Amino acid sequence: MEHPLSSTYGVRLGYFLQSADDYHRHRHRINKKLSKLRRSLEISTKDTKNYKEKEKISSITSENYDSSIRYGDVILYQVERDLLYAEETQLLLDVHMSKVKEKFLVSKYKKALLNAKRLLKIAEHETDDFRMLEILVYAAFASGFLSVSKKRWGFAKNAFSIARCSLQCLYEHQKLPSDLNKELYMDLIDKVVDPVLKVSTLEESGIRSPDLVLISRGQAAEFADKIPFLKKAVDIIRKIDATLVTISSEGEEKEMIKSITWYSYSAVIKSEDEARVVMKALEAEKNVDAGDASSYDPALIAFQDALSFHAQEMERAEVFASDEEKQEAHIILTYLKYNHILLRIRRDITLLEGINRKGNSKVTRVAVLDNIRDYLKILEGVNSSIEEIRELPGVSNDDELTGTLTSLDSYFKTVQMAKLARGYTAVQKCRESLALLQRAHQLIDSTSDFSGDLPGNLPSNRSLTDLKKEVNMKLRNAHVVTVYNDTTAAYLSKEFIIDNTNKFPEISAQNITEMIAPLDLSIEPVNVKPVLFDVAFNYINYKGEGSFTAAPGQEFTEEPEADSIDEEHKKKGGFFGFFSH
């Protein structure tokens, strides 16, 4: 029981449980694991006659837990088994209602909560605050689901609020081993806690778009003792990070957004609930980190929630709304869709940058082509997203926006062609690569500058200039390589003996001399600096009659005798002593 949530919900998420049969099979897996654990701890009961009197699990104490946390695992798996049985029953109830099954569902949640309280009791001396916090989250789930089954929405909201603050604390402060992932805590918030919190808030106060962060912190700060055994979770959070269970004064006084302005369009937001979801999406967008693709997910989800909420509002008010109100509603809808798609493009650009970094380290042809394939797949999504924006209502009527989208489309299509050209170069198809780069050069040269600065990591005018230079350089290189390949194509297609000395081709005696090596190549001299000749010139001796002019700064000396010359040559030993005579 090192990490209770990873041992239970982490394993669940790994099996992708969806249907009642899935939960049924996983429940039996937990049963087997529990039986094996009981045997290893020697607390299994073989004689099942009068089982309640002979079973040993109920006799587990805090001393047993202190000696080995595996005793805690026994009770933890009992809670997990009951919760899985309840989930399985709930899925069956969704198909066919039954009073008997509803009572059975409540009984399973009651049993799970009873065992969760027992687990908290035997773990009362636990010194690891994070482990205790995970146990308390698990107990809060059992308590919250029981309250939902009884429709006690206030208790359900309180339990899941404390669970949410606890999971946020675990995500931000707990250090996990490399084989575990912190994203489990955020998955539990998104998939388990938040849906129940939204329903509980709607049933209790009628708010359809609640601020779950504010609600959960408010419940933890002001109603921590509503469920007594969960108060310990709030105390632990306060010790680690008190801000997670403190209501921010800024959050209370924050003024609601009343209108939006998008290029040449503007619209008034009349619903307070709608203003809240729009503000939540805009706030989430501010927290995006351009270097981390996963940081876009909360903002994308927030915009998707805002779109769903606004669509419901439009459907509800369609009958009674005036033409002006309908027009403003469509402006808000387009505004939300535009920001959502643009945020998706920014996320894809971050992914492309990551693939580019990986591609720089690839050396084999297969690895390079795989990298290019992944890059082009995401880039195709970017081009599709730009096309989606173009098709939004009102976009074609704004000249500035249309020009920006045209330049953006040209930019990414140029990048696509340049990347595809690199792929053709990798497989020695230089003509195709040259044709693509020529087309890319024509497209990027005719692209206009952006009329303004685009948000986040979207291309700027400087990026546009850099891309033009890069395409020009690649075009020149591709032209040189293509001309060279065309020149040597006749010889590359032949197999000469010199290319592979271990293999002798089947060639007639008359043609064998032609296949030894390419003998008819046109060889041209290369200009080089004759350094060795310059040095060697100083060692030339002029015998016989005649004279030579001394170099500037040197005095003319008579030629030494032959014996002295031989001795001098022996001393010098060649060129700087490297070559001996």
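Per an unreviewed UniProt entry, the recorded name for the protein chain is Signal recognition particle subunit SRP68, and the organism is Eeniella nana. For the protein chain, the Sequence similarities (unreviewed entry) comment in UniProt is given as "Belongs to the SRP68 family." One UniProt comment on the protein chain, placed under Function (unreviewed entry), says "Component of the signal recognition particle (SRP) complex, a ribonucleoprotein complex that mediates the cotranslational targeting of secretory and membrane proteins to the endoplasmic reticulum (ER). The SRP complex interacts with the signal sequence in nascent secretory and membrane proteins and directs them to the membrane of the ER."

So what's going on with the pairing of strand β1 (residues 259–262)? Residues and values would help.
Alternating residues of β1 divide into Ile260 and Trp262, all buried, and Ser259 and Thr261, none buried. The pairing of β1 with strand β2 (residues 265–268) spans 4 bridges and is classified as antiparallel. Bridged to Trp262 within β2 is Tyr265. Count of turn residues in the β1/β2 antiparallel hairpin: 2 residues, of which Tyr263 carries a positive phi of about 50°.

Tell me about the pattern of salt bridges, and please be specific about residues and values.
Throughout the structure, instances matching the rule amount to 19 salt bridges. Note that Arg12 is salt-bridged to Glu80, the shortest N-O span being 2.8 Å. In this pair, Arg12 sits in helix α1 (residues 4–15) while Glu80 sits in helix α5 (residues 70–95), placing the two residues 68 residues apart along the sequence. The same class applies to Arg12 and to Glu80, which are both buried. A salt bridge links Glu285 to Arg346; the shortest N-O distance between them is 3.3 Å. You can see Glu285 sitting in helix α13 (residues 272–286) and its partner Arg346 sitting in helix α15 (residues 323–359), a full 61 residues away along the chain. The residues Glu285 and Arg346 share a single accessibility class, namely buried. In this structure, a network of salt bridges that share partners links the residues Glu387, Arg390, Asp409 and Lys413.

So what's going on with the confidence of the model for the protein chain? Which residues, and what values?
Model confidence for the protein chain is summarised by a mean pLDDT of 84, while 81% of its residues fall at 70 or above. Note on residues 568–581: pLDDT is under 50 here. Beyond four places in sequence and across chains, it has 12 contacts.

So what's going on with the environment of Lys270? Which residues, and what values?
With respect to the helices and strands, Lys270 occurs in the loop between β2 and α13. Along the backbone, Lys270 and Ala329 are 59 residues apart, and their C-alpha atoms lie at a distance of 10.0 Å. Lys270 has contacts with Glu325 and Glu328, leaving out every residue within four places of it along the chain.

Run through the side chain of Arg12, naming residues and quoting values.
By relative accessible area, Arg12 is classed as buried at 6%. The contact partners of Arg12, leaving out residues within four places of it in the chain, are Leu17, Tyr23, His26, Glu80, Leu83, Leu84 and Glu87.

How would you summarise the packing of α13 against α15 if you had to cite specific residues and measurements?
Two elements in contact, α13 and α15, have axes separated by 12 Å at closest approach and are oriented at 20°. By the angle class used here, α13 and α15 are roughly parallel. As α13 runs across α15, the sense of the crossing is left-handed. Between α13, through Glu274, Val278, Leu282 and Glu285, and α15, the contact on the second element is made entirely by Ile332, Tyr335, Leu336, Asn339, Leu343 and Arg346. Residues of the contact of α13 with α15, tallied by class, amount to 6 nonpolar, 1 polar and 3 charged.

Cut-offs and rules
- Residues numbered from 1 in each chain as written.
- Predicted model: local features only at pLDDT ≥ 70, side-chain atom pairs only at ≥ 80, totals over all residues.
- Heavy atoms only, no water.
- UniProt positions renumbered as here; feature names shortened; annotations may be inferred.
- Buried < 20%, exposed > 50% of the residue type's maximum accessible area, 1.4 Å probe, protein only.
- Helix = DSSP H or I, 4+ residues; strand = E, 2+ residues; numbered from the N terminus.
- Pairing = 2+ DSSP bridges.
- Salt bridge = Lys/Arg side-chain N within 4 Å of Asp/Glu carboxyl O.
- pLDDT = per-residue confidence, 0-100.
- Contact = heavy atoms within 4.5 Å.
- Axes fitted to C-alpha atoms, helices over the stretch in contact; angles between N-to-C directions.
- Parallel < 35°, antiparallel > 145°, perpendicular 65-115°, else oblique.
- Left-handed = near helix turned anticlockwise from the far one by under 90°.
- Nonpolar A, V, L, I, M, F, W, Y, C, P; charged D, E, K, R; others polar.

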